[in-house]
Amino acid sequence: MNIPNASTAPSTGEYAGDEISAIVLDPGYSTTRAGFAGEDVPKSVCPSFYGQVDSDGGPRLLFGENAIHNPLGNLHIKNPWGSDGIVEDWETATKVWEYTVTSRLTGTKPGDPAKNGLNESNGDAMEVDIEGLENLEKPLADSPLLMTEPGWNPTKAREKCIEIAMEEWGTPAFFLHKTGVLAAFASGKASGIIIDVGASHTSVTPVLDGMVLKKGVQKSPLAGNFVSNQIRLIFKQNDIPLTPHYMVSSKTQVDAGAPAQAAYKTFDIPPSDSFRRHEEERVLTEFKESVVEVWPGPGRFSNGTNEEIAKAQPGRPFEMPDGWNQVFGAERFKVAEALFDPGAALTDAESSRPKDEHCIPSLIQAALAHVDQDQRPLLLGNIVVTGGSTLLYKFTERLSYEVNAAYPSTRNKLIAPGPVVERKYAAWIGGSILASLGSFHQLWISKKEYEEHGVNIVEKRCR
Amino acid sequence: MASGRDVRDMLGLPVSGEVQKTVVQKRPKLAAPARRIQGVAREVAALYGERPPPVAVYEEKKSYRAKRQNTGPAKRWVQQPFTNQARTDGLVLKHWRRKPAPQPTNSEDTTMEDGENKEPYIENSSEFLKYNIQLDMPTFTDEEYDAHLRSDDWSREETDHLFQMIKDYSYRWAIIWDRYDYRPSNNNTLTVQEPAQDGDSSHALASLPFPPPKTRTVEDMKARFYEISAKLMKLRIPEVEMDADQYARYDMLTKFDPLLERNRKSLASALMNRSMDEVKEEEFLLAELQRINMAANRLDAERAELRARLEAPIPNQQVAAGLQSFTSSQALQALFQQLFQQDRNNKKRASGTGPARLSLSANDIIGTPTSAGHSLMSAANRRQSMAQPPPPTPIRTLAPQEEYRFNVSTHDRLTSGVSFGSDKLLKMRQAKSNVQTQKIAAALQQLGISDIIAIPTSRVGEVFEQLVGKVGKLLDVRKVREKEEGECRVLEAMKAKRDGVEGAGHAERNGGENGEQSVLQDSREGHEEEDEDVDADADEDADGEPDADGEADDDADGEADEDAEGEDEDAEGEDESGVPSRRGTSEAVSTRAMSNAGHKRSASVLSQASSKSSKRVRK
Ligand SMILES: Nc1ncnc2c1ncn2[C@@H]1O[C@H](COP(=O)(O)OP(=O)(O)OP(=O)(O)O)[C@@H](O)[C@H]1O
Ligand SMILES: [Mg+2]
């Protein structure tokens, strides 16, 4: 007998839970998340990047973490996503997503709960099979699918999503929901303004009662990838060599700042540039995780004596895969500063100065300006922070400072879940909650409805 | 190693083995009566000494987690297909459910076979039907639209679109406004068809000249929707028939002013967009204000204290006269009374109400020099009031609307004890006399108010009180009216008589004059004693003038016979001061009633008056 307390899960009756083993799929630029609704974290997190090997029999596609980090010759790493958060290459995107779902969740053949050893086989096995027969080759014939989409997803893309789910995957029921709303749900909020800083883009989504206020949705390309580029620039400026892991066979310790002394691997057919770039990205993510810091305020990093204060703080060491290492002082504040202050961005010939309206404070202001006045204080009281790049050290402090500076007279509250998973996978978690609710049953778009109304039903139903 | 003997020696215990034995035997004996406390370590229990603590520190069997109970073999679960009743397309989903228990006679295998042979059972789930909420929207027909709801600014097309949006987004105006995407281009093509449809060219023409892009503000949309709602509401339920809630809603709908709303919003956004400095300044000012308020409270209290001090105790002649005045026993008695009184006052205050507000306010009342009982105030009292802590934190006052919402009511005076709302209502039904009570009951019944009102909240009580008051007035009016009628009757009879008499000759003139006189006297009496019951009047008429009765017989008092028991005591309830005005109204009512209703007077008057009164209630 468990006495209910703050940490025990509520009973399903309390929150109208009723799991129907739906699958929640949350595709992103850097990773694609999938898992069964009702679970805490996505069971399957696969990179959205895929490998393409040009061989004699046409291009061969490789999916999954293991495949794309394997330094094969002629391996090109690609991403089906466009830079604006909309899928460009639908054909491969479908495959990436399908791989994410089938590799860990349903298995290559539709999963049969009666045969996976967890349940004794009995009469039910038959029933399932009989029903599933017609769709047997379809990967999702058994599971309703909830997919996420960015707030500005065009109608074309949405229709494509339902088409893929229904036609190619054979899902019995489908629904499409905005990442912003779901991230808010994951924090237990139905209304709020959601700040999602992912890999390819940053978005600000005002949500009211579980519905996106479309006019207020703002996005900008200043996100994780942008920060990576800033790091590359700073490395270039300071002549810091960036050697990815796969090139190093062994390394020896060297003093800080001293050239690396490592043995490098040689390849008969060297992997492509895109492969190298993707591998470098891993190092950069490591760098982001362990070194980069956001100037927490007050004021911008360039303001007054802030830089001096930053210099006085102890630095953070970083060691490259080849053994090169250094302690990073005030530079570590510079790379992420442009998220808040475009003027501080490092620029070179390829990367120009980002636009003023793309920095996060401007996005928030623009978003709020497009929302009915009466809702603004409510939204500012529920600022949900999500996305992998918000994990940058001191990001929330700075954000909080900027919001309070812009809106001094309202009660602004940042909701930034502490656990890394909850921050990174908020949209998926929200979807998991939603799709496991009994009250959601009536919202699914069923196959029958799809066949009756065609693809544009998604516009009518998933608002 | 010290042997037991050495130890015993050291402790000065007797060495003999016999004693040792007894000690050994004794120990369990001692331990036996002390109940072993469960869940507490033996060492800790030992610290309790002879007597366990009065409150068990932890008596429960130590169990952080209940032992897993063996409930037999593992329960079977099945993926149960089900349909949701909220869906119309019969989508079959599956959820995990306990497998229904097999028949006890069947063995495992047979149930398994059963499962295989059975038609797949599909559960029809209504569990979550309650979440499928439909909202009620005002609806209108084409005729209604054409007759009442037209607008120069909104085409029918767009109005329908707006209504659809409101329905889709469940009155979430912010979202409706956000998603509002009415495309007049669409409209243009449709307006071409429209005249053909409803044959109304003016309508189509009216919608054509608009420039295609039309941005609507939330206020525009709200104004349109509320306007239509109000009009429809009025069409469905005439204004006079709405009940209080409906009328309140109607009132709200008609009073919506988009301009005001827009101004409010711009003010709100101005408030929100203040700069940091302004906000700081406001904060500072607020803090300052609070400080001043606090100081003012304290200052007021101090000043009041000072005033109380300065205002010399009511000059007590006896005191003024010095001790000499207390020589007589009478004077001593008076002094004793006074002191006793003071003492009682003190006690009352000390023992009385709760510590914070009520006692303080009572104190305040006594403490203010203007209050009534100040003659009894003594220095002791004042000292006590001085000892009161500085003024309490300001009591939060609620706006009337908030009070209404949270159902908070303030009372000047609270009666002690508990009283039932239903009792209050019952009391209101009772007048001083039986007859009046019955009349009130009859009137209430006629209004369709049941004897027992289900939830006698204070608000219901208030309304009921008003109603009963009105019924009382109504009854008065009716009474007066009947009296007037009686007079009229008498006068008419007199007139008829006189005509007859004049025609017949002068022989019976005297008798006629007598009759007249008596009638006149009667009526004069009636005028003078307004409180007198009308029925008494009528009775008098009947008694005093048997001949006039014959003509006035059609009045018959059939409907009015609830009044027929002419008891004068009814009149007690009446308010003397209200008589003249009442009379005026009663005349008006009675003449109107006579002119149009004739015989069915009481009923019609009642219904008229009641509709009037209920109208008043609503307004
Ligand atoms: N601990 C960390 N500190 C800083 N950045 C991190 C951290 N962990 C992940 N990131 C960055 O977060 C980004 C991935 O975030 P996320 O998974 O939210 O993106 P996504 O949803 O896949 O992309 P998008 O939302 O743009 O489609 C990557 O750029 C990664 O470098
Ligand atoms: Mg994302």
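Residues numbered from 1 in each chain as written. Chains lettered and ligands numbered in written order. Predicted model: local features only at pLDDT ≥ 70, side-chain atom pairs only at ≥ 80, totals over all residues. Heavy atoms only, no water.

## So, the overall build of chain A
Scanning chain A from N- to C-terminus turns up 17 helices and 19 strands. Sorting the 463 residues of chain A into buried and exposed places 55% on the buried side. Once local pairs closer than 6 in sequence are excluded, the contacts in chain A between residues at least 24 apart make up 69%. Surface summary for chain A: the accessible area is close to 19,600 Å², and the carbon and sulfur share equals 50%. (Helix = DSSP H or I, 4+ residues; strand = E, 2+ residues; numbered from the N terminus. Buried < 20%, exposed > 50% of the residue type's maximum accessible area, 1.4 Å probe, protein only. Contact = heavy atoms within 4.5 Å. Areas by Shrake-Rupley, 256 points an atom, 1.4 Å probe, with all protein chains shown as cover.)

## Some thoughts on the sheet that holds strand S1 (residues 77-84) of chain B
Residues and elements named next belong to chain B. Pairing in this open sheet of 3 strands is mixed, and the strands run S2-S1-S3 from one edge to the other. Since the sheet does not close on itself, it has two edges, and those belong to strand S2 (92-98) and strand S3 (123-125), each with one partner. Strand-to-strand twist in this sheet, taken as the mean axis angle between neighbours without regard to direction, amounts to 50°. Note that S1 and S3 share 3 bridges and pair parallel. Bridging from a neighbouring strand, Phe-82 pairs with Glu-123 of S3. (Pairing = 2+ DSSP bridges. Axes fitted to C-alpha atoms, helices over the stretch in contact; angles between N-to-C directions.)

## Describing the site of ligand 1
Residue and element names in this part refer to chain A. The environment of ligand 1 is formed by 19 residues, the closest being Tyr-29, Ser-30, Ser-200, Lys-288 and Gly-388. Contact between ligand 1 and Ser-200: an oxygen atom at 2.9 Å from a main-chain N or O atom of the residue. At 2.8 Å, a backbone N or O of Gly-388 approaches an oxygen atom of ligand 1. Here ligand 1 has 650 Å² of accessible area as a free molecule, and 91% of this is covered by the chains. Looking at the shell around ligand 1, the elements that each hand over two or more residues are strand S2 (31-36) and helix H8 (273-290). A per-element tally of the shell around ligand 1 places H8 first, with 3 residues. (Near = heavy atom within 4 Å. Polar contact = N/O pair within 3.5 Å; in protein donor to acceptor, adjacent residues only side chain to side chain.)

## Comments concerning the side chain of A:Lys178
All names here are of chain A. By the element assignment, Lys-178 lies in strand S8 (residues 173-178). Lys-178 sits in the buried class, given a relative accessible area of 4%. Reaching out from Lys-178, the side chain makes a polar contact with the side chain of Glu-149 at a distance of 2.9 Å. Sequence-distant contacts of Lys-178, that is, excluding residues within four places in its chain, are made with Glu-149, Pro-150, Gly-151, Arg-158 and Val-212.

## Here's the deal with the nonpolar core
In this structure, A:Phe235, A:Leu339, A:Ile360, A:Ile364, A:Phe395 and A:Leu399 are the most contacted members of the largest nonpolar core, which totals 80 residues. It is helix H10 (residues 218-236) of chain B that provides the largest number of residues to this core, a total of 8 residues. Within the second largest apolar cluster, 63 residues are counted, among which are A:Phe63, A:Ala157, A:Ala173 and B:Leu93. (Core = buried A, V, L, I, M, F, W, Y, C linked by side-chain atoms within 4.5 Å.)

## Let's talk about the sheet that holds strand S5 (residues 58-62) of chain A
Residue and element names in this part refer to chain A. If you walk across this open sheet you meet the 3 strands as S5-S4-S6, and the pairing is antiparallel. Edge positions in the sheet fall to S5 and strand S6 (75-78), since each of these pairs with one other strand and no more. Averaged over all pairs of adjacent strands, the angle between their axes in this sheet comes to 30°, without regard to strand direction. Strand direction decides the pairing type here: strand S4 (residues 50-55) and S5, joined by 5 bridges, are antiparallel.

## Here's the deal with helix H15 (residues 426-435) of chain A
Burial analysis of H15(A) places 9 of its 10 residues in the buried class, the great majority of the element. Those residues of H15(A) that fall on the buried side of the exposure criterion are A:Ala426, A:Ala427, A:Trp428, A:Ile429, A:Gly430, A:Gly431, A:Ser432, A:Leu434 and A:Ala435.

## Describing the packing of aromatic side chains
Here the structure, examined in full by the defined rule, presents 28 aromatic pairs over all chains. With a centroid separation of 5.7 Å and an interplanar angle of 45°, the aromatic rings of A:Tyr246 and A:Phe267 are classed as tilted. You can see A:Tyr246 sitting in the loop between helix H7 (224-237) and strand S13 (248-252) and its partner A:Phe267 sitting in the loop between strand S14 (261-264) and H8, a full 21 residues away along the chain. One aromatic cluster is present, built from ring pairs that chain together B:Phe140, B:Tyr145, B:Phe163, B:Tyr171, B:Trp173, B:Phe225, B:Tyr226 and B:Phe256. The side chain of A:Arg316 reaches across the aromatic face of A:Tyr393, ending 4.6 Å from its centre. One residue, B:Arg156, lies across the ring of B:Tyr145, its end atom 4.7 Å from the ring centre. (Phe/Tyr/Trp six-rings, centres within 6.5 Å; stacked < 30°, edge-to-face > 60°. Lys NZ or Arg CZ within 6 Å of the ring centre and 35° of its normal.)

## Focus: the interface of chain A and chain B
Across the boundary between the two partners, chain A contributes 55 residues, which contact 44 residues of chain B. There are 7 salt bridges connecting chain A and chain B. Ionic pairing is found between A:Arg463 and B:Asp168, a salt bridge with its closest N-O pair at 3.5 Å. Applying the counting criterion to the chain A and chain B interface returns 18 residue pairs in polar contact (both at pLDDT 80 or more). Among the elements of the structure, helix H4 (123-132), strand S11 (211-212), helix H12 (376-380), helix H13 (395-406), strand S19 (445-446) and helix H16 (447-453) of chain A are those that each provide at least two residues to the side of chain A that touches chain B. The element best represented in the side of chain A that touches chain B is H4(A), accounting for 5 residues. (Salt bridge = Lys/Arg side-chain N within 4 Å of Asp/Glu carboxyl O.)

## Section: the pairing of strand S15 (residues 316-319) of chain A
Residue and element names in this part refer to chain A. Relative to strand S16 (residues 325-328), S15 is paired through 4 bridges, and the arrangement is antiparallel. Residue pairing in the sheet places Arg-316 in a bridge with Phe-328 of S16. Here S15 hands over to S16 after 5 residues, with Gly-323 in that stretch at a positive phi of 95°.

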